Amino acid sequence: MVSDKRSPAAPAPTRVSFVLPVRRTTLKHLQVRDYLRALVTGELSAGDPVPSERMLCERFGVSRMTVRQAVDALVVEGLLERIQGRGTFVAPPKVDLQVRLASFTEEMVRRGMTASVKVLTAETAPAPPDIAAALDIAVGDTVIHLYRLRFADDAPMAVEHTWLPSDRLPAFLEHGVPSSVYVELGERGLTPDWGEDTIDAGEADDEEAELLTIKPGKPVLRITRRAFTGDQAIEYAQSAYRSDRYTLWVPVSRPNAPVVPRRRTTTQNTDINPNTTPNTKPIRSTT
Amino acid sequence: MDKAEQILAALGGTDNIVEIEPCATRLRTEVHNSSLVDEKALKAAGAFGVITSGSVVQVVVGPEADTIATDIEDLM
């Protein structure tokens, strides 16, 4: 065991190994939490009930408040979910949604899940200013507007408004709403090849909450997408994803080196040139 | 004028550029004076959007951002 006789100048590593056992005895809810976490990631699967508060109190010799503190932490983490009147259960695993130019259907199929959709609105309408700007069309031009509720394995995951330029997609709704917009675009040789998503944190409004079967005010991920086929804007979409079911996954890499103006000087290394213009900045390497 | 020349001119020319960083679909540009940036001219040059915040102007140019930045570098 680590001696508790420490000199005041004891090095940091010694202090760390000394502190740990103290935390373990004082913060009992952490013990309960770690036990539950191991249970959830080990023996239990999604939908299984976790041991009752009473059982946990007895097992760890702690108060109900301590057990509740542990369970609360795991509910916030998204590992457990409380279902009113029924108890606490292992939450379904979050779906890692990669920010990339794939359709919801493609993303779900890639995960072995079944995607389905409920069309709430399918119409053509004149483009309001914000939609027109996003699609590079004139205000009032006709757009196809879809309002859909998306499901993965029958659980509501996202509500989505999609706008498409009608001029580029004649008779798009003629045979009903395509089950996948991206498949339909592909069949027309208009598969989007690049785009930009912006992601905001938001709160579900009453309508979204009802559709997503969550409480109003719960957090959602708001994803706004502008997708292009070559230099033509082809899709603008605003989605609200349940944040309790989604983790956004973004591959990251170092940014490219910026390019900077070469100052037009007749000689290299002008540091001894007295006629250097006052606004000359240090030259930064771009390679 | 090709696209790179038009974009550089619309950003206020070489003298107005601090640096340009190609970021996937955007040219993230730091300028000395953002009032010299001509948003309409950027759109006319083929920009899909312009987002300005202080002295930083982000020009949405699509997947060609790297190429355009290299072309602009050759002009500066």
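Here the structure is shown first, and the text comes after it.
Residues numbered from 1 in each chain as written. Chains lettered and ligands numbered in written order. Predicted model: local features only at pLDDT ≥ 70, side-chain atom pairs only at ≥ 80, totals over all residues. Heavy atoms only, no water.

Colleague: Tell me about the overall build of chain A, and name the residues and values.
Modeller: When helices and strands are counted, chain A shows eight helices and 10 strands. Put simply, chain A has 287 residues, and 36% of those count as buried. Long-range pairs, those at least 24 residues apart, make up 57% of the contacts in chain A between residues at least 6 apart in sequence. Of the roughly 17,500 Å² that chain A leaves accessible, carbon and sulfur atoms contribute 53%. (Helix = DSSP H or I, 4+ residues; strand = E, 2+ residues; numbered from the N terminus. Buried < 20%, exposed > 50% of the residue type's maximum accessible area, 1.4 Å probe, protein only. Contact = heavy atoms within 4.5 Å. Areas by Shrake-Rupley, 256 points an atom, 1.4 Å probe, with all protein chains shown as cover.)

Colleague: Before we move on, could you go through the packing of helix α2 (residues 28–41) of chain A against helix α4 (residues 64–77) of chain A and cite the residues and values that matter?
Modeller: Residues and elements named next belong to chain A. One can describe the packing of α2 onto α4 by two numbers: an axis separation of 8 Å at closest approach and a directional angle of 50°. In terms of their interaxial angle, α2 and α4 are classed as oblique. Relative to α4, the crossing made by α2 is right-handed. Between α2 and α4, the residues in contact are K28, H29, V32, R33, L36 and R37 and T66, Q69, A70, V71, A73, L74 and E77, respectively. (Axes fitted to C-alpha atoms, helices over the stretch in contact; angles between N-to-C directions. Parallel < 35°, antiparallel > 145°, perpendicular 65-115°, else oblique. Left-handed = near helix turned anticlockwise from the far one by under 90°.)

Colleague: Please give an account of the interface of chain A and chain B that cites residues and values.
Modeller: With 20 residues of chain A in contact, the opposing surface of chain B contributes 22 residues. Taken over both partners, the interface formed by chain A and chain B buries close to 1,800 Å², and the fraction arising from carbon and sulfur atoms is 51%. Contact with chain B buries area across many residues of chain A, yet W194(A), E196(A) and V259(A) alone supply 33% of it, more than any other trio. We note a salt bridge from E196(A) to R26(B), for which the minimum N-O separation is 2.8 Å. Put simply, chain A and chain B have six residue pairs in polar contact (both at pLDDT 80 or more) between them. Sort the elements by how many residues they give to the side of chain A that touches chain B and strand β7 (residues 194–203) of chain A lands first, with three residues. (Buried area = accessible area lost by both parts, 1.4 Å probe. Salt bridge = Lys/Arg side-chain N within 4 Å of Asp/Glu carboxyl O. Polar contact = N/O pair within 3.5 Å; in protein donor to acceptor, adjacent residues only side chain to side chain.)

Colleague: Report on the environment of T25(B), specifying residues and quantitative values.
Modeller: Structurally, T25(B) can be placed in the loop between β1 (17–23) and β2 (26–31). Under the relative-accessibility criterion, T25(B) is labelled buried at 14%. The sequence separation of T25(B) and V56(B) amounts to 31 residues, and the corresponding C-alpha distance is 16 Å. Residue contacts for T25(B): discarding those within four places in its chain leaves W194(A), G195(A), E196(A), V59(B), V60(B), V61(B), G62(B) and A65(B). One polar contact links T25(B) to E196(A), side chain to side chain, over a distance of 2.5 Å.

Colleague: An account of the sheet that holds strand β6 (residues 155–165) of chain A is needed here, citing residue identities and associated values.
Modeller: All names here are of chain A. Taking strand neighbours across the sheet as the criterion, the six strands line up as β4-β5-β6-β9-β8-β7 in an open arrangement whose pairing is antiparallel. If you trace the sheet from one side to the other, it starts and ends with β4 (115–126) and β7, each paired once. On average, adjacent strands in this sheet sit at an angle of 15° to one another, irrespective of strand direction. With 10 bridges connecting them, strand β5 (residues 142–152) and β6 associate as antiparallel partners. (Pairing = 2+ DSSP bridges.)

Colleague: So, the environment of K28(A): which residues are in play, and what are the values?
Modeller: Within the fold, K28(A) resides in helix α2. Setting aside its immediate chain neighbours within four residues, K28(A) contacts G61(A), V62(A) and T66(A).

Colleague: Quick one: what's the story with the packing of aromatic side chains, residue by residue and with numbers?
Modeller: Residue and element names in this part refer to chain A. Taken as a whole and assessed by the stated rule, the structure comprises seven aromatic pairs over all chains. Ring centres of W194 and F228 lie 4.2 Å apart, and the angle between their planes is 5°; on these two criteria the pair is classed as stacked. You can see W194 sitting in strand β7 and its partner F228 sitting in strand β8 (residues 219–229), a full 34 residues away along the chain. Like F228, W194 is buried. (Phe/Tyr/Trp six-rings, centres within 6.5 Å; stacked < 30°, edge-to-face > 60°.)

Colleague: Summarise the sheet that holds β1(B); cite the residues concerned and give the values.
Modeller: All names here are of chain B. Reading across from one edge, β1-β2-β4-β3 is the order of the four strands in this open sheet, with antiparallel pairing throughout. Whereas interior strands pair on both sides, the edge strands pair on one side only; in this sheet they are β1 and β3 (49–53). Mean inter-strand twist for the sheet, computed between neighbouring axes without regard to direction, equals 15°. Here β1 pairs with β2 via six bridges, running antiparallel. Each bridged residue has a counterpart across the sheet, and for I20 the counterpart in β2 is T29. Of the strands in this sheet, β1 and β2 touch helix α3 (residues 65–75), which is tilted by about 40° from β2.

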